[in-house]
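# Remarks on the overall topology
The lines below spell out each chain.
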Amino acid sequence: MIPDQIVAIVPAFNRADSVAATVAALLELDDVSGVVVVDDGSSDDTAARAAESGARVVVLEQNQGKAAAVRAGWITTDAPILLLVDSDTGATAAEAVALIPPVVGGHLDMSIAVLPSAGGRGGFGLVKNFAANVLKQGTGADFAAPLSGQRCLRSEVMSALGPVDRFGLEVALTLDAATAGFRVGEVEAGFDHHHTGRTLAGFRHRFRQGRDLYRAGSSRIGHRAMLRALTTSLRAR
Ligand SMILES: Nc1nc2c(ncn2[C@@H]2O[C@H](COP(=O)(O)OP(=O)(O)OP(=O)(O)O)[C@@H](O)[C@H]2O)c(=O)[nH]1
Ligand SMILES: [Mg+2]
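Parameters at a glance
Residues numbered from 1 in each chain as written. Chains lettered and ligands numbered in written order. Predicted model: local features only at pLDDT ≥ 70, side-chain atom pairs only at ≥ 80, totals over all residues. Heavy atoms only, no water. Donors = N, O, S within 2.8 Å, 3.2 Å for Na, K, Ca; no water. Helix = DSSP H or I, 4+ residues; strand = E, 2+ residues; numbered from the N terminus. Buried < 20%, exposed > 50% of the residue type's maximum accessible area, 1.4 Å probe, protein only. Axes fitted to C-alpha atoms, helices over the stretch in contact; angles between N-to-C directions. Parallel < 35°, antiparallel > 145°, perpendicular 65-115°, else oblique. Contact = heavy atoms within 4.5 Å. Nonpolar A, V, L, I, M, F, W, Y, C, P; charged D, E, K, R; others polar. Near = heavy atom within 4 Å. Core = buried A, V, L, I, M, F, W, Y, C linked by side-chain atoms within 4.5 Å.

## As for the coordination of the magnesium ion (ligand 2)
Looking at the metal site, the magnesium ion (ligand 2) is ligated by D88 (OD) and H193 (ND1), spaced 2.2 Å from it. You can see D88 sitting in the loop between β4 (81-84) and α4 (100-104) and its partner H193 sitting in the loop between β7 (184-188) and α8 (200-221), a full 105 residues away along the chain. Owing to a relative accessible area of 16%, D88 belongs among the buried residues under this scheme. You can call H193 partly exposed: its relative accessible area is 27%.

## With respect to the packing of α8 against helix α9 (residues 223-235)
Between α8 and α9, the least distance of the axes is 7 Å, while the angle of their chain directions is 130°. Considering the angle they form, α8 stands oblique to α9. When α8 is examined against α9, the residues L213, Y214, G217, S218 and I221 are found in contact with a partner set consisting of H223, A225, M226 and L227. Class assignment of the residues belonging to the contact of α8 with α9 gives a composition of six nonpolar, three polar and no charged.

## Observations regarding the site of ligand 1
In the vicinity of ligand 1 lie 20 residues, with P11, D40, N63, S87 and H205 positioned nearest. Among the secondary structure elements, those contributing two or more residues to the shell around ligand 1 are β1 (6-12) and α8. Ranked by residue count, the leading element in the shell around ligand 1 is α8, at three residues. When grouped by side-chain class, the residues that make up the shell around ligand 1 number four nonpolar, nine polar and seven charged.

## Regarding the nonpolar core
Within the largest apolar cluster, 37 residues are counted, with the highest numbers of intra-cluster contacts made by V38, V134, L153, M158 and L173. Broken down by element, the residue count for this core peaks at six residues, all from helix α7 (residues 169-179). Leaving out residues up to four positions away in the same chain, V38 has contacts with I9, V10, P11, A12, V58, L60, A69, A72 and G73. Membership of the second largest hydrophobic core comes to 28 residues, among which are V37, A96, C152 and F191.

Now the structure itself:
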């Protein structure tokens, strides 16, 4: 039996509407040998939809947040290469194909997707700019998509991931990978996803993202560097 080479991990919270299309698109990719959907305490049919579409489903009874969900998926596979894809990408999950060659080819240890601009469907970019400045402080490098959840990485990079909660995942993964000496790079890819936009729910979501990334960043680069990152992003407005 050929061991799994590339397995996709899809964290999902109440995404019965899009998880099946996401799984189907990933299973269509020749390089992908399996999809693990982690149902993060959903109250809808996310797990059933995922199983019906051919995914291996891991169910977390209580909602634990994205970071814990991705970790719970990772420990169920010994595939050397992983894809991280959000459950709201639907058919555009097929764009993950662009992330694989730099990692399989040995040029990068983690590739991060740079998505087309969200235009007015996203927020005002404050949290995104803050995240970019945190990564600049921590790695010296510029990132166009600091919060992008669409990634391809070698499994060892996940071993370098330190303690992190919820939406601190993306910034923590990039900081810890860079600190451990892994090669991280960005790749343009045409994913789309469900934008929470400029609604009250959207601002609450990004406030939580900001809180989680502050916690993830401050425990890695310290409060002084975090405040430098914050003032830089506020000055850029
Ligand atoms: N919102 C949310 N998503 C979770 C959670 N656990 C896992 N996820 C999944 O994490 C992925 C990203 O969540 P989204 O809510 O789409 O967040 P996002 O795309 O970063 O947010 P925006 O770009 O601001 O729209 C999706 O696949 C979610 O289903 C959770 O506790 N809350
Ligand atoms: Mg999304």
